[in-house]
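For reference, the chains in residue letters:
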Amino acid sequence: MIRVVIHGAAGRMGQRLVALTSENDKLQLVGAVERSAHEQLGTDVGLLAGVGTLGVALTDTLPTDADVVIDFAAGGVTQKTIASCVASNTSLVIGTTSLTDEDHAAIDEAGKSIAILQAPNMSLGVNLLFALAAQVAKQLGDDYDIEIVESHHRFKVDAPSGTALGIAQAICNATGKDINEDVVHGRQGDEVARKRGEIGMHALRLGDQIGRHTVSFGTLGEELQLTHLATSRDVFVHGALKAAQWLADKPHGRYGMPDVLGLNA
Ligand code: NAD
């Protein structure tokens, strides 16, 4: 059995990770961690996740005896989580988004000593969308305008989504564009006419939308759209658990979902 800790265990993703880990016969839940001020510390996480008692209490400290930590904690604590996993030589799956350049540098560094996987989206469909968007952008070139629109639930705190940035990054990698220079976030004002080659990025926040991403390629006379719609949060949870299982016996290094899903082959 692979011993798993869920970080951010009382969150929307955390609760489903707890529930589906408890149903997985290859994974054993050995820890569930939250911020130190969380009002449910000490409560059995199975009760929080709606699956009955699991014998694992919500705590504010990462255990050091796990095989893999799965991190979906918000709050800008990614570097602290990485440092803790490096110190205990524990593999780490990072699903948390809105990572900084410093967070990415810390992931690169950690990959020199532990197996670490980071992905802004754990679904097979979205990882295929990354590859397809890159291929289409390269094929069509700058005669086609590119606009990315993402839609999420009203509670999401970061924008644009990590997935929308993932689409933009994949397109930039394929076309030689720079995500910091060539992506325009929203438009307002009198002097915002589209420039050739720019990538537009727009975020909608609506009700309980789990996640919709559309990348559009438009020119004079036609438009091509690629859309991914998540209809259940569990698609990300299944991906994260698959990643944890895959990572558990890997040597140190930085990995992504294409490695798990065999999309690099
Ligand atoms: P959420 O707000 O419901 O849950 C986040 C949890 O993190 C909360 O319970 C919060 O108390 C906890 N937290 C905050 N500070 C903490 C700390 N210092 N230590 C431990 N826990 C702490 O959010 P969510 O919808 O579950 O999403 C969580 C993250 O996962 C977001 O960044 C989201 O964008 C990302 N996400 C990624 C994927 C993917 O496939 N990679 C899919 C969905 C969501």
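Residues numbered from 1 in each chain as written. Predicted model: local features only at pLDDT ≥ 70, side-chain atom pairs only at ≥ 80, totals over all residues. Heavy atoms only, no water.

1. Some details on the pattern of salt bridges
Pairing between side chains of opposite charge can happen when their charged atoms approach one another. Quick note on the threshold: The salt bridge definition used is simple: a Lys or Arg side-chain nitrogen within 4 Å of an Asp or Glu carboxyl oxygen. Partly exposed describes any residue whose relative accessible area lies between the buried limit of under 20% and the exposed limit of over 50%, with all areas from a 1.4 Å probe on protein chains only and scaled to the type maximum.
Counted by the stated rule, this structure contains 13 salt bridges. Salt-bridge contacts for Asp249 lead to Lys250; the nearest nitrogen and oxygen are separated by 2.9 Å. Overall, the relative accessible area of 26% leaves Lys250 in the partly exposed class. Among the ionic contacts, a cluster of salt bridges with common partners joins Asp145, Glu147, Arg187, Arg194 and Glu198.

2. Considering helix H5 (residues 124–140)
Put simply, the rule reads: Labels follow the DSSP assignment, with helices taken as runs of H or I lasting at least four residues and strands as runs of E lasting at least two, numbered in each case from the N terminus. To estimate how far a helix should extend, the number of its residues minus one is multiplied by 1.5 Å. Working rule for contacts: check all heavy atoms of both residues, and any pair within 4.5 Å makes them a contact. Whenever two N or O atoms come within 3.5 Å, that pair is a polar contact, provided that in protein one can donate a hydrogen and the other can accept it, and provided that, for residues adjacent in sequence, both atoms are side-chain atoms.
For H5, built from 17 residues, the straight-helix expectation of 24 Å at 1.5 Å per residue is met to within 8% by its first-to-last C-alpha distance of 24 Å. Buried residues of H5: Val126, Asn127, Leu129, Phe130, Ala133, Ala134, Val136 and Ala137, and no others. Contacts made by the buried residues of H5 are with strand E7 (145–152), helix H6 (162–175), strand E10 (212–219), strand E11 (222–229) and helix H9 (257–261). Of the residues that open H5, the one with a side-chain oxygen 3.5 Å from the backbone nitrogen of Gly125 is Ser123.

On their own, these measurements won't tell you what the molecule is for.
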